[in-house]
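Summary of the model geometry
For reference, the chains in residue letters:
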Amino acid sequence: MRGSGAEDPLDDEELVTRARDGDLEAYELLVARHTASAYRTAVLLGAGPDAEDVTQEAFVKGYRNLSRYRGQSSFRSWLLAIVANETRNLHRSRNRRDGLALRAAAAYPEPVAGEDGAVGAVLAAERREALVRALRRLPVKDREVIVCRFFLDLSEDETVTMLGWPRGTVKSRTSRALVKLRGLLDHEVVRHG
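Residues numbered from 1 in each chain as written. Predicted model: local features only at pLDDT ≥ 70, side-chain atom pairs only at ≥ 80, totals over all residues. Heavy atoms only, no water.

As a further point, take the overall build of the chain. Helix and strand counts for the chain stand at 9 helices and 0 strands. Along its sequence from the N terminus, the chain presents helices and strands in the succession α-α-α-α-α-α-α-α-α. The long-range share in the chain, meaning contacts at least 24 apart out of those at least 6 apart in sequence, stands at 66%. Accessible surface, the chain: about 11000 Å² in total, of which carbon and sulfur atoms supply 52%. (Helix = DSSP H or I, 4+ residues; strand = E, 2+ residues; numbered from the N terminus. Contact = heavy atoms within 4.5 Å. Areas by Shrake-Rupley, 256 points an atom, 1.4 Å probe, with all protein chains shown as cover.)

Here is the structure:
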């Protein structure tokens, strides 16, 4: 196989072609390359303690459906769309929708630098908790687009692919969701001083 380049989309395309031809090692390399991204997506979309299961199921479904991958988007965004669908399925089966932001914040705690940084750490934790509360109050679709664009740092094209929405919907929902989030954060500041 050709050299590394985890972010090289041509490498992914080559690996997908080989995996379609039955090369399990090629698919294992795709799994290794995209596991962290898939797991982070599952966590940020609210899979919580089931994020590993969601990620594994997404990779299994991805392998079974490689013939459906047309290469119109990156393999990563195609895979993350499967992760998003699996996470939605998890929510439906459990019939719950909250906890996304709280779990995401718990997954990425900020380290405390030391005594001098204690005040800064407390303030950062308070800001993070306010953001968590505000995100939890957003409608699910608003939360999803915010997670894609700002927590996962996906491009607009990748967000379109992942969520399966038209580009105009992604643009307008992102704009409206940010306005709602700012309003909720302003309300948090007033409420908690």
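This part is about the environment of Arg137. Relative to the helices and strands, Arg137 resides in helix 6 (residues 118-137). Linking Arg137 and Leu181, residues 44 residues apart in sequence, is a C-alpha distance of 8.7 Å.

Next up on the list: the pattern of salt bridges. Counted by the stated rule, this structure contains 10 salt bridges. Note that Lys61 is salt-bridged to Glu86, the shortest N-O span being 2.6 Å. Placement of the pair is Lys61 in helix 3 (residues 51-64) and Glu86 in helix 4 (residues 75-94), with a sequence separation of 25 residues. By relative accessible area, Lys61 is classed as partly exposed at 29%. (Salt bridge = Lys/Arg side-chain N within 4 Å of Asp/Glu carboxyl O. Buried < 20%, exposed > 50% of the residue type's maximum accessible area, 1.4 Å probe, protein only.)

For the pair helix 2 (residues 24-44) and helix 3, the least separation of the axes is 9 Å and the interaxial angle reads 140°. If you check the angle between helix 2 and helix 3, you find them oblique. Crossing angle aside, the handedness with which helix 2 passes helix 3 is right-handed. Judged by residue contacts, Leu24, Tyr27, Leu30, Val31, His34, Thr35, Ala38, Tyr39, Ala42 and Val43 of helix 2 engage Ala51, Glu52, Val54, Thr55, Phe59, Gly62 and Tyr63 from helix 3. Taken together, the residues of the contact of helix 2 with helix 3 sort by class into 12 nonpolar, 4 polar and 1 charged. (Axes fitted to C-alpha atoms, helices over the stretch in contact; angles between N-to-C directions. Parallel < 35°, antiparallel > 145°, perpendicular 65-115°, else oblique. Left-handed = near helix turned anticlockwise from the far one by under 90°. Nonpolar A, V, L, I, M, F, W, Y, C, P; charged D, E, K, R; others polar.)

Before going further, it helps to spend a moment on the nonpolar core. Membership of the largest hydrophobic core comes to 43 residues, with the highest contact counts inside it found for Tyr27, Leu66, Phe75, Val145, Ile146 and Met162. Breaking this core down by element, the ones donating at least two residues are helix 1 (9-20), helix 2, helix 3, helix 4, helix 6, helix 7 (140-151), helix 8 (156-163) and helix 9 (167-192). The leading source of residues in this core is helix 4, at 8 residues. (Core = buried A, V, L, I, M, F, W, Y, C linked by side-chain atoms within 4.5 Å.)

Its 21 residues give helix 2 an end-to-end C-alpha distance of 29 Å, which sits within 8% of 30 Å, the value for a rise of 1.5 Å per residue. His34 marks the point of greatest bend in helix 2, at about 55°. Within the span of helix 2, buried status applies to Ala26, Tyr27, Leu30, His34, Ser37, Ala38, Thr41, Ala42, Val43 and Leu44. For helix 2, the N-terminal capping position is held by Asp23, with its side-chain oxygen 3.0 Å away from the main-chain nitrogen of Glu25. Once helix 2 ends, the next one or two residues include Gly46, with phi positive near 105°. (Expected span 1.5 Å × (residues − 1). Bend = angle between axes of the 7 residues up to and from the residue. Polar contact = N/O pair within 3.5 Å; in protein donor to acceptor, adjacent residues only side chain to side chain.)

So, about helix 8. The set of residues buried in helix 8 consists of Glu158, Thr159, Val160, Met162 and Leu163. Looking one or two residues beyond helix 8, the residue adopting positive phi is Gly164, at roughly 70°.

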